[in-house]
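The lines below spell out each chain.
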Amino acid sequence: MAGADGDDSLYPIAVLIDELRNEDVQLRLNSIKKLSTIALALGVERTRTELLPFLTDTIYDEDEVLLALAEQLGNFTMLVGGPEYVHCLLPPLESLATVEETVVRDKAVESLRKISQEHSPVDLEVHFEPLVKRLASGDWFTSRTSACGLFSVCYPRVSSTVKAEIRQHFRTLCSDDTPMVRRAAASKLGEFAKVLELEYVKSDIISLFTALASDEQDSVRLLAVEACVSIATLLPQEDLETLVMPTLRQAAEDKSWRVRYMVADKFSELQKAVGPEITKNDLVPAFQNLLKDCEAEVRAAAANKVKEFCENLPEDNREQIIMTHILPCVKELVSDTNQHVKSALASVIMGLSTILGKDNTIEHLLPLFLAQLKDECPEVRLNIISNLDCVNEVIGIRQLSQSLLPAIVELAEDAKWRVRLAIIEYMPLLAGQLGVEFFDEKLNTLCMAWLIDHVYAIREAATCNLMKLVEKFGAEWAQNTIVPKVLGMANDPNYLHRMTTLFCINALSKACGQEITTKQMLPVVLKMSNDQVANVRFNVAKSLQKIGPILDSNALQTEVKPVLEKLASDTDMDVKYFAQEAISVPPSHSSLFTPLAAVILEPQSPQRTTTFSPSVRWKVLAADGATSC
Amino acid sequence: METTKLPPSSPSSPTTSFSVPSAEKVDGFPRRSMRRARQRRSHSSSQFRYQSSQVELTPLPLLKDAPVAELHDLFCKKLQQCCVLFDFLDCVADLKGKEIKRAALNELVESVATSRGVLIEPLYPEAIKMISVNIFRTLPPSENPEFDPEEDEPTLEASWPHLQLVYEFFLRFLESPDFQPSMAKRYVDQKFVLQLLELFDSEDPREREYLKTILHRVYGKLLGLRAYIRKQINNIFLRFIYETEHFNGVAELLEILGSIINGFALPLKSEHKQFLVRVLIPLHTAKSLSIFHAQLAYCVVQFMEKDATVTEYIIRGLLKYWPKTCTQKEVMFLGEIEEILDVIEPSQFMRIQEPLFKQIAACISSPHFQVAERALYFWNNEYILSLIEENCQVILPLVFATLYRVSKEHWNQTIVSLIYNVLKTFMEMNSKLFDDLTASYKVEKQKELKRERERAELWRGLEEYQERRMQMLTEAARNQRNLQERGERGDTLNPSSPQTAHSDQPEPKPSGASSGAGESAT
């Protein structure tokens, strides 16, 4: 006990408070972020009696400072002396929960929720619950909004009289005058319902839910849809029809597209919450309507749910429901006028094949896949291609390959580099599914063409793609098909292409093995150490470092080492740097460089790397015929 | 009771003209955006959802040919005819029907605008119904989710050929000399107004222009709705500021408010002050401030001119929300400050000069030359200059160090020469003070550095202390654990000692001081 508060006198509160009051916002913010340090210096007693009153009374500040304060106070329990004193934190948090700025208020509520758990049941009733009541009956909407988030944390732990009061307050806020408060109440309705006893869910929550779901503002109504999921989960099946369904049906046909969008967006959750019977009778027609909605936003949200909805249908007549009710709508969406709708559909439609089985897939789904593969919008095609694995399991990819190829080729040459990038990422998958002959015949040229793309990200991805292909098809295949082409690029007049050769070697050497690396790749790398462009030379150094572990020690000693030593005395400081780096930090097992490093190297500061980029940029500009590609 | 000054034909508007869009504007929409709109929205729109079966319209006799006895009946029939909605996204659908409705609307507009005695009581519900059916609709989702009102072309309302005439009719209806507020208020109620306000979110500027004029008339004529309208506008603004950051009609609503504020009675009600402090000032935080800044600044200045005592709230509010990274907004803020200073009362100026000139000094040292330049221009304003001169003793020490430093450091020559002018002005104002400050500049700098060092020292000490505490606590926790372990092995002397009572306590977290653990160990 002795030393705990012994240092108090060192830090008069005035000095610390001066820090919290500093004129410079940034300094103030820094001090607030270290509030726990200050509290620790003061000790628990003085934190309670001096620091917290100061924070409560005098902090009127920028929102950013208040946000930091609200966050800190949530972790202050120990600093005020543990759970028995935690209620001391309530006054400052209460005033923070009433400020205008939403971010601050939300953080204050979050902290209040956190420390509510640390209150004993008695303290909860004596200190916490009165605070909630004060907030709930505040003048300005901000405090009432904050109150909405606090009911559910104290309700389970208070006596039944207090519970009744809490319910009453919540009810009042649900019919508040300002839409902001109603929105807050609606968004907490589900959470509150979860902590209520079932009888009150039926008597109180349902009427509030119904009222909010028919609010005059659509921003309130749509939040009621979210609550619907939790409420429906809580109620016994037999009550759903009378208590929830009328409201849900109404929401699915709301005149505001935002509400319908919300229904579509939450459809899977709703489906699970209401169970198979209601799904069959009510949700299937509702889902059909959403798929045919007049607003594209709603259709897209519904299209996104097609697979999940079908998956969760009751198994006994799932196929029949899909075939007669859902599939016709899906067919229409394939030729929707809005590309977002089509691409949402394309991202899930392939998943239907596992549900419907081989025959149905071939007869009904395949034509849709093929149509989407020819869609004018690249995103749609891409989404189909990226989900090919689902179909592969069911019918095999061959069925599609005829249509696949033109689609892939077109995407591979798309004007948008992000589209090209996306298709590259599916290449290994496609190669695996289509087999090596098909690949060599149709796709290999594409893969090589990407290496000389004018966007770096594409060249990089193409390099990585080659590595994955070699891992799939083996070193022999690599030696016959891609290595010669890659090495050929070492003589390209464009230095960027020459560098691509090096990047490819970095990526491929491991998959190709020692033989190919030593015999074919190494000579090319070594030759490139004489390149005119410094960027190529220092990439040679990097490459040598990279492929070092794959080479045998003889090659390292006789071939690599002299070249690196030469590069280490290059006129260019970056080349020097990377050559020394390669000598000094040999990857794992090649121990032969270690003594050498001790001789050559001055202690090298590791920060060096950060300084190199400007000079490199300059160098590229000054380089020989290097086009900017 | 406050009064709203309503000029007979158009409300006083600060910046933009308040005229109803002219005919060319209506017909000559840019073809590109039309084409784009059609292409993108070729499905249909929410507006036409509930039109199951389309009614075939048949032309009715002309109003001007109708005998007086049948005039009202015919008027009523035309209103009903105009309740039929047409799909304008399909531009070739039902051309005949569209033409009949257009002609009927034209006639209705004409009739309300020119002939007296047409508006009799039974027509009110029919007219309001026709208006409601046509204009109230859920606005479609924006075509462009990142719609930037400054850069992008707005999506224009496809059904504008009819919608415009409906708005025109509504406006003429409200402005008609026969218009009776006592009858209208039964139909133009709170629900109606709420829906009207939601339409201000329309992306189509032509629609917002009409709405602005119409809401202004409604506010002027239906006194019972005034408080409600103000409250709902507040709600829209608060949602805009704190929830969605998106509402297309902020500028239009502010324009109306400008003229409402103009009519506030004195002394200002607390409701109105609250509106200023909690809504108008926070509106300055919006990302899209540039779109409505002129109207907002006008409202703010209106408040000050009404009641000078709100000046301090305003200036302190602006300082609180001063932009930190957006220089474009900073220039706008400086512009607004100048507008405020232009009309500020000297006594009010003295109350806020200190925080204000600290901010101005910060702006002068901004590396962005437009910000610095805008702040330095204050010294070209005669009235502001006279205020500065009167309070030279306070202001000069606040800005001197900045001016002195920036004059030596700023990269932009224009700024440097502007600062020299300002320094020269100050020298002429009070050469004694100026000399003193120049002399003490170095000393002050030193003091500042010293304070800086002291602060660093303080925090270092605090952190060391924290570290020591933490170590102590971990050690305490370890001791406690050892004791417990001994207790569990059974070789402790006192198995029921308080230490074992703590056995279920978690180890103290590194961020907090667990008093329980500390006690048991020492």
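For clarity, every value in this text was computed on a predicted model and none was experimentally measured.

Cut-offs used in this document
Residues numbered from 1 in each chain as written. Chains lettered and ligands numbered in written order. Predicted model: local features only at pLDDT ≥ 70, side-chain atom pairs only at ≥ 80, totals over all residues. Heavy atoms only, no water. Phe/Tyr/Trp six-rings, centres within 6.5 Å; stacked < 30°, edge-to-face > 60°. Lys NZ or Arg CZ within 6 Å of the ring centre and 35° of its normal. Salt bridge = Lys/Arg side-chain N within 4 Å of Asp/Glu carboxyl O. Helix = DSSP H or I, 4+ residues; strand = E, 2+ residues; numbered from the N terminus. Buried < 20%, exposed > 50% of the residue type's maximum accessible area, 1.4 Å probe, protein only. Arc of directions from axis to C-beta. Contact = heavy atoms within 4.5 Å. UniProt positions renumbered as here; feature names shortened; annotations may be inferred. Axes fitted to C-alpha atoms, helices over the stretch in contact; angles between N-to-C directions. Parallel < 35°, antiparallel > 145°, perpendicular 65-115°, else oblique. Left-handed = near helix turned anticlockwise from the far one by under 90°. Core = buried A, V, L, I, M, F, W, Y, C linked by side-chain atoms within 4.5 Å. Domains from an automatic or database assignment. Polar contact = N/O pair within 3.5 Å; in protein donor to acceptor, adjacent residues only side chain to side chain.

## Let's talk about the packing of aromatic side chains
The description of two aromatic rings rests on the distance between their centres and on the angle between their planes. In total, this model carries 36 aromatic pairs over all chains according to the counting rule given. Chaining the aromatic ring pairs together yields one cluster made of B:Phe75, B:Tyr124, B:Phe169, B:Phe173 and B:Phe179. Just above the ring of B:Trp459 sits the side chain of A:Lys34; from NZ or CZ to the centre is 4.5 Å. When the ring centre of A:Phe578 is taken as origin, the NZ or CZ atom of A:Lys542, which lies over that ring, is 4.8 Å away.

## Some details on the pattern of salt bridges
Residue and element names in this part refer to chain B. Tallied over the entire structure, the rule returns 59 salt bridges over all chains. Between Glu99 and Arg102 there is a salt bridge; the shortest N-O distance is 3.1 Å. Taken as a pair, Glu99 and Arg102 lie in helix α4 (residues 95-114) at a separation of three residues, close to a single helical turn. Two residues, Arg186 and Glu121, come together in a salt bridge whose shortest N-O distance is 3.1 Å. On the criterion of sequence distance, the pair formed by Arg186 in the loop between α7 (181-184) and α8 (190-198) and Glu121 in the loop between α4 and α5 (123-135) is long-range, its members being 65 residues apart. Residue Glu121 is classed as partly exposed on the basis of its relative accessible area, which comes to 33%.

## Some details on helix α12 (residues 270-280) of chain B
Residue and element names in this part refer to chain B. Those residues of α12 that fall on the buried side of the exposure criterion are His272, Phe275, Leu276, Val279 and Leu280. Along α12, the residues classed as buried sweep out an arc of 115° about the axis, all on the same side. Buried residues along α12 sit in contact with α10 (226-244), α11 (250-262), α13 (289-306) and α14 (311-320).

## A short note on the UniProt feature "domain: Phosphatase 2A Regulatory Subunit A helical" (unreviewed entry) in chain A
The UniProt feature table records "domain: Phosphatase 2A Regulatory Subunit A helical" (unreviewed entry) at residues 89-270 of chain A. Taken end to end, residues 89-270 of chain A comprises 79% helix and 0% strand; its first and last C-alpha atoms sit 40 Å apart.

## Focus on the packing of helix α13 (residues 218-234) of chain A against helix α17 (residues 267-291) of chain A
All names here are of chain A. Contact geometry of α13 with α17 gives a least axis separation of 8 Å together with a crossing angle of 25°. The angle between α13 and α17 places the two elements in the roughly parallel class. The two elements α13 and α17 meet at a crossing, and its hand is left-handed. Contacts between α13 and α17 pair Val225, Cys228, Val229, Ala232 and Thr233 from the former with Glu269, Leu270, Ala273 and Val274 from the latter.

## Re the packing of α8(B) against α10(B)
Residues and elements named next belong to chain B. Running from amino to carboxyl end, α8 crosses α10 at an angle of 35°, the nearest separation of the two axes being 10 Å. The handedness of the crossing between α8 and α10 is right-handed. The residues of α10 that touch α8, namely those facing Gln190, Val193, Leu194, Leu197 and Glu198, are Tyr228, Ile229, Gln232, Ile233, Ile236 and Arg239.

## A word on the nonpolar core
Formed by 370 residues in total, the largest nonpolar core has its most connected members in B:Phe237 and B:Phe426. Per-element tally for this core: the top contributor is α17(A), with 11 residues. The residues touching B:Phe426, leaving out its near neighbours within four places in the chain, are B:Trp379, B:Ile388, B:Cys392, B:Ile395, B:Leu396, B:Val399, B:Leu403 and B:Phe434.

## Section: the domain arrangement of chain B
According to the domain assignment, chain B consists of domain 1 (56-138 + 156-186), domain 2 (189-305), domain 3 (318-326 + 339-428) and domain 4 (441-480). Spacing between the C-alpha centres of domain 2 of chain B and domain 4 of chain B amounts to 51 Å.

## With respect to the side chain of B:Asn134
All names here are of chain B. Looking at where Asn134 falls in the secondary structure, it is placed in helix α5. What makes Asn134 buried here is its relative accessible area of 3%. Engagement of the side chain of Asn134 in a polar contact is seen with the backbone oxygen of Met130, the distance being 2.9 Å.

## What about helix α24 (residues 388-395) of chain A?
Residue and element names in this part refer to chain A. Every buried residue of α24 is listed here: Leu388, Val391, Val394 and Ile395. Looking straight down α24, one finds that the buried residues subtend no more than 125° of arc, so they occupy a single side. One or two residues past the end of α24 sits Gly396, with phi positive at roughly 80°.

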